Structures are given as structure tokens and as C-alpha cells.
Amino acid sequence: MQNETGKNWISHLLASALSDLKLTSYLDSLDIKVPDLNFGDYSTNAALILAKKLKENPKEAANKIIEKIQENAVAKDLVTMQEAGGFINFTLTPQFLLNNLNRILDQGDLYGCSVNGGGKTVIIEYFQNNVAKPPHVGHLRSAVIGDCLLRVFRSQGFKAVSDTHIGDWGTQFGILLFAYKEFIKAGGEKKLIEADPIDELNKLYVGMSAKIEADPALRDLGKEEFAKLEQGNTENRELWQWFVRVSLEDFENYRKILEVLPFDHNLGESFYEDKMPPILAELKQKGLLVESQGAQVVNLEPQKMGFAVLVKSDGATTYLTRDVATIKYRIEDMKLEKMLYVVDNRQAHHFNQVFEISKQANYLPDPKAVEHVDFGFMSLPEGAISTRKGTTISLRNLIDEARLRALQIIEEKNPALENKKSVSEQVALAAIKYFDLSHNRKTEIVFTWDKALSFEGNTGPYLQYTHARIHGILRKSQTNADSTQTHADTEIPRQSGFSSASVGDRELTVLRKLIQYPEIVAQVAKDYLPNNLCNYLFELSQTFNSFYQEVPVSQEQNLMIRDFRLKLITATAQVIRNGLYLLGIEAPEEM
Ligand code: ARG
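In this text, all values refer to a predicted model and were calculated from it rather than measured experimentally.

## Digging into the site of the ligand
Taken together, Glu125, Gln128, Asn130, His139, His165, Tyr319, Asp323, Tyr341, Val343, Gln347, His350 and Phe351 make up the full set of residues adjacent to the ligand. Contact distances for the ligand include 2.7 Å between a nitrogen atom and a side-chain N or O atom of Glu125. Surface burial for the ligand is 88%, taken as the share of its 350 Å² of free accessible area covered by protein chains. Those elements that provide at least two residues to the shell around the ligand are helix H13 (319–332), strand S10 (338–344) and helix H14 (348–360).

Encoded structure:
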């Protein structure tokens, strides 16, 4: 698979020149950046750093390195170089950019894939819904970001799997059991719950929580139910299994609606139930777990992380304990090398504690193996969408509303379109997902319909529209070609006498943008920031749209140039499609 990105070639050329010059030992790492447009495609400060270390003139050092690179026989086909203020700027040759165009067309859907990951095993955890509770917008963000990362990691040659770590254990299930039994006692019917289990169970839970607030003694009755559940009481087990079953069905529905890839694992918190006691014993034995006011805690004050409660004073284990057990299991039993937790930033402290305890307990040989991929809260401006009691917005409402609005827009823009309904569903999802992904995940975002669903600007529908527009042009030029019979499926232009010398500046701008794609994707696997991929796709779309405004494509009279431009826009559509796939967004060919 290609690793032939411009950057790879340049770092290779640079490294071998520095090694010929016996300078390698003076540099810790090569820094090759994408500079502002006027400074070529890449730029390095290597010469500046060397000059400083060797007390030389930076300009001379840069020129010396440039000369050395030029001695390399392959260099002239790849780059031209300029020294500027001690920097070395590299400009990829038209020939190299054209080769890449062919590569895109050859590789198709695989363009942008790499083997960078080397088969390293990664688990990405997201869409961690809670049993008997409707998912909210926070879970949506987790699903969308996690799904994108899974796709990116897989495309980069990692062995990546997904897990939901469903919230299916804890005292809250005792409270729910208690509430359910009270409901039945008062003459309530199971049928009523079965009709709409998640909402009804949630109502029972919310109702009981309110009662507990008024009369705290009731909490103990809930705790008793949980204790019975833990001890394996048949009635409680069966009820709980029912709660879990209906919830998993509900989550699976959402997963399908959201078009998120199927999960490899659904190991809920309860899965770790029997894995906690040995861990608690071991932590105690290691002197990490100590008694404090009836609870069992790990003192993380020295790390400025407070006290972590692993067993509450009533004897119940905590969410945190289950997370420690999860890490141990993932490392020792699942043999995973890396774990990403896509969870909102309010849980940062929790994960710091979990990671620290796991490290101290030696469950985590490499502390860098775990990472909290945190994200900020997404809110909706008041009144934009109906909210249940004005608190959390259900995922269902959001999706329904998006579909309705997308359909309206499609009806207006393209009333003749055949499969309006399915296209509008794709547009609706694109709007929601892209809005989420295009913001730096660490920021708090306010969702607005106008922004998300706009067909202009940095939005999902805009990218879909650009993609469909290119396909429209291709369809039309195909029919023209068929009717005039001038040229059927064409050769790669340069092979039919087309030379790199005939590539104009406007084409070069598009080619330059296209070649950046694999590097952008590789970067997302490093910093988990899909917004950079979004930005890139937006810029690519803008580059195409101005190209198309400025030069004729299907109307071009010179057939060789026409073919070349058609190939250029075909490749552009391919890259948009590949990028959208990684974002979990469909690319309809007509809309
Ligand atoms: N279920 C939790 C919630 O909805 C999130 C779980 C996050 N993952 C974890 N391993 N703690 O808040």
C-alpha cells in the first residue's frame, strides 16, 4: 500500500542527505511542515537548527543540504528546492503531482489508506449508553467521534476494535428495581412498560429519584434491591436481564439509524462484576487500598487527584472500580496495546484516577497506552427543538427533526430527484455528524439547524453537494461523449502525449490539494482530531469549486485537456468520498 506521500519522500531525501553529510547526530528529529502557500509544499528548519549547533551561516547550511539532495538521482523528479531565510522550501514537481493523480484513480476507495499502524491492536470505546435510559446528545457525540476514529485507525493499518462499555451495573439498578416493584404493587401493568420500555423505565427511575430526594430513607430500599441483585436473587436477576435486553435492542436501533459501524464488543460494566474482588484484594495487599470512613479508597492526594473510592461504605463497588478492572482485562486477556475512551470532558478527573490507579497497580505497563479522547458539551439553543422537561435532548428528536428539515430542503432544491427520502436521510445524518466532527472536539458547541444544514460553508451537506455536483458533470460529459463518439473511456492523458509542462496553475492548485489527503488522515490517527480532516475536505471542495468556475471542463475544446480535467475532478470526487467515508458520512452521487 502506498506510503509514497510527498512528506515521506522528502523526509527520505532529507535524511539521506544529512547522513551523507554526517550531520544526522546533530538533529533529534526532522521537522517537515506544510508552510503557507507561497513557500512551496513543505518546509524544514533543519538547516537553521544545524547552523546554530555548528555555528555556521544558516543560508550556507541550507544550500549545502540542497546541493546534497540534488545529487540524489530521484530528487529532480520529485521536488525543486529554495533556500529562504535558512529554511529549505520544497515544491513538488508537476510530474510527481500527476503521478499522484494516477495513483488516486488507481487506488480509488483505498487512496489514503496506509500501513502506518503496523497491525498494532487498539480498542476504541464509545457510545457508552446507559441501560434503561434514552441516549442523549452527549452519547451522540461519542458515537460520531468514536466511529470516525475507528474508521481512521482501520484505514491506517491498525487492528482496531470497538466496545460500548454499556452502563448496566451499579446502585441505580437497585433503585430502578425498587421503583418497578412499587409500580407493580400499586397495580401498574408490565404491558405498559413493555410498550415503550426505555422511556417508561426511565420515568420510573426519575420518579423514584424524586421520592428519594424528599425521603432519603427510601434510598436504602433501593440499595437492598441492588444487594439482592448482586447476590444473584432470581427475580432481580431476571428483571435486570430484561432491562438490559430491551436497552441493547434500543441502542442497536440507534446505531443503525446513525449508520455507525457495528460494534465488536458490548462488554457492559456488569461484565467486570466477578473481576473486581480479586483486584480489590490485590490492591489491599499492595497497600494501595485503605479504609476511610467505612469506604475503601486509594489515596491519590500526592498526585493531586484526591481520594478515589473503590468500595462505598455500603459495600457496593463503584464505576471507577469497574474501569480499573476493564483496563486489566483489556491488557491481560484481550491483549490490547492501546485504549481510547471517547467520553465527554466532565469525566476527565475520573479517567485520571482510573489511569493512575492502574499504573500504580502495574496493570498498565505503558501509561501512554490509555487515552481519554475527551470532548466538550454540545447544546442546542433554547427552543430550537422540543426538549423533555427542558433538560436533555433525546437523540430521537434530533434525528427526526433533521430528517424533516433535510427533506424540505431537497424538495425545494431538486424536486425532480428520484429517491428524495433516502437522500434526505443521508443529508440529515451528514448535517448532524459533520457539525459535530468539524468542531475541535475539545470545544463546547452550540448546534444550530441553519448552520448544520446549510449547503454553503463548512458543512456536511456542502461536501455532499460538491461531490454530487462533480458526478453530475461527469454524467453529462459521459452522455456527450457517447453521443458524439469522439472518445470512449480515455487513456491517462500524459500517456497519450500529455506532458506535465501543459499542466496549468489552476490544475496544479487542485493537484497540490489532492496530494495532501493521505497525510491529513494519518494525522487524525495521531491526534484524534477529525476537525482537521473536515477542514481539509472543505478546502478541497472550495478549491474544486473555484477551479470549476474559472476553467471549462466538459466544454473544453482541446480533448486532451478536457480529458485531463475530467480526471482531475474524478479524483477530487474520489477524495471527498473517501474522506466522507472516514467521517461516517454517505456520498450520494445525485442530490
Ligand atoms: N456510561 C457512562 C455515561 O454515560 C460513560 C462510560 C464511559 N466509559 C468508561 N469506561 N467509563 O456517562
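## Description of the pairing of strand S4 (residues 87–92)
Within S4, five of the six residues are buried, leaving the element largely enclosed by the surrounding structure. Examined bridge by bridge, strand S2 (residues 42–44) and S4 share three bridges and lie antiparallel to one another. Residue pairing for S4: Thr44 is matched across the bridge by Ile88. As consecutive antiparallel partners, strand S3 (residues 79–84) and S4 are separated by two residues, and within that stretch Gly85 has a phi angle of approximately 60 degrees, a positive value.

## Some details on the nonpolar core
Counting 123 residues, the largest nonpolar core has Phe153 and Leu583 as its most contacted members. No other element matches the 11 residues that helix H21 (residues 559–583) contributes to this core. Residues Ile123, Ile327, Leu336 and Phe355 belong to the second largest nonpolar core, which totals 36 residues.

## Points about the packing of aromatic side chains
Across all of its chains, the model carries 23 aromatic pairs by this definition. Cluster of aromatic residues (ring-pair linked, three or more members): Tyr180, Phe183, Trp242 and Phe243. When the ring centre of Phe271 is taken as origin, the NZ or CZ atom of Lys275, which lies over that ring, is 4.2 Å away.

## With respect to helix H3 (residues 58–71)
Spanning 14 residues, H3 covers 20 Å between terminal C-alpha atoms, matching the ideal 20 Å at 1.5 Å per step. Looking at the buried positions of H3, the neighbouring elements they touch are helix H1 (6–20), helix H2 (46–54), helix H4 (75–78), S3 and S4. Here H3 starts with a cap whose side-chain oxygen sits 2.8 Å from the backbone nitrogen of Lys59, and that cap is Asn57.

## A word on the confidence of the model for the chain
On average, residues of the chain score 92 in pLDDT, and 94% of them reach the 70 mark or higher. Note on residues 383–391: pLDDT is under 50 here. Beyond four places in sequence and across chains, it has 13 contacts. Predicted confidence for residues 485–496 stays below pLDDT 50, and this span has 23 contacts to residues more than four positions away or in other chains.

## So, the pattern of salt bridges
Taken as a whole and assessed by the stated rule, the structure comprises 38 salt bridges. Of the charged contacts in the structure, one is a salt bridge between Lys33 and Asp31, with a shortest N-O distance of 2.9 Å. A relative accessible area of 30% means that Asp31 is categorised as partly exposed. Ionic pairing is found between Glu371 and Lys338, a salt bridge with its closest N-O pair at 3.7 Å. Taken together, the residues Glu371 in strand S11 (residues 370–375) and Lys338 in strand S10 connect sequence positions 33 residues apart. Residue classification places Glu371 among the partly exposed positions, given a relative accessible area of 32%.

Rules used in this analysis
- The residue numbers shown here count from 1 along each chain, following its written sequence.
- Local features in a predicted model are, by the rule used here, given only for residues with pLDDT of at least 70; side-chain atom pairs are given and counted only at 80 or more, and totals for whole chains, interfaces and linings are based on all residues.
- Values shown for side chains rest on all heavy atoms present in the structure; no hydrogens or waters enter the calculation.
- The nearness test applies per residue and asks whether one of its heavy atoms lies within 4 Å of the molecule or strand.
- Nitrogen and oxygen atoms within 3.5 Å of one another constitute a polar contact, given that in protein one can donate a hydrogen and the other can accept it, and given that sequence-neighbouring residues count only through two side-chain atoms.
- Method for areas: the Shrake-Rupley scheme with a 1.4 Å probe, in which residue coverage is limited to the protein chains shown.
- Helix and strand assignments follow DSSP, with helices taken as H or I runs no shorter than four residues and strands as E runs no shorter than two, numbered in order from the N terminus.
- Throughout, exposure labels follow a simple rule: accessible area from a 1.4 Å probe, protein chains only, divided by the maximum for the residue type, with under 20% read as buried, over 50% as exposed, and the rest as partly exposed.
- A pair of strands is treated as paired once DSSP finds two or more bridges between them.
- The term nonpolar core refers to a set of buried residues drawn from Ala, Val, Leu, Ile, Met, Phe, Trp, Tyr and Cys, joined through side-chain atoms within 4.5 Å.
- Aromatic rings from Phe, Tyr and Trp, taking only the six-membered ring of Trp, are treated as a pair when their centres fall within 6.5 Å; an angle between ring planes under 30 degrees marks them as stacked, one over 60 as edge-to-face, and anything in between as tilted.
- To sit over a ring, a charge needs its Lys NZ or Arg CZ within 6 Å of the ring centre and within 35 degrees of the ring normal.
- Expected span of a helix, by definition, is 1.5 Å for each gap between consecutive residues, and there is one gap fewer than residues.
- It only takes one pair of heavy atoms within 4.5 Å for two residues to be counted as in contact.
- The quantity called pLDDT is the predictor's confidence in a given residue, expressed from 0 to 100.
- We count a salt bridge whenever a side-chain nitrogen from Lys or Arg sits within 4 Å of a carboxyl oxygen from Asp or Glu.

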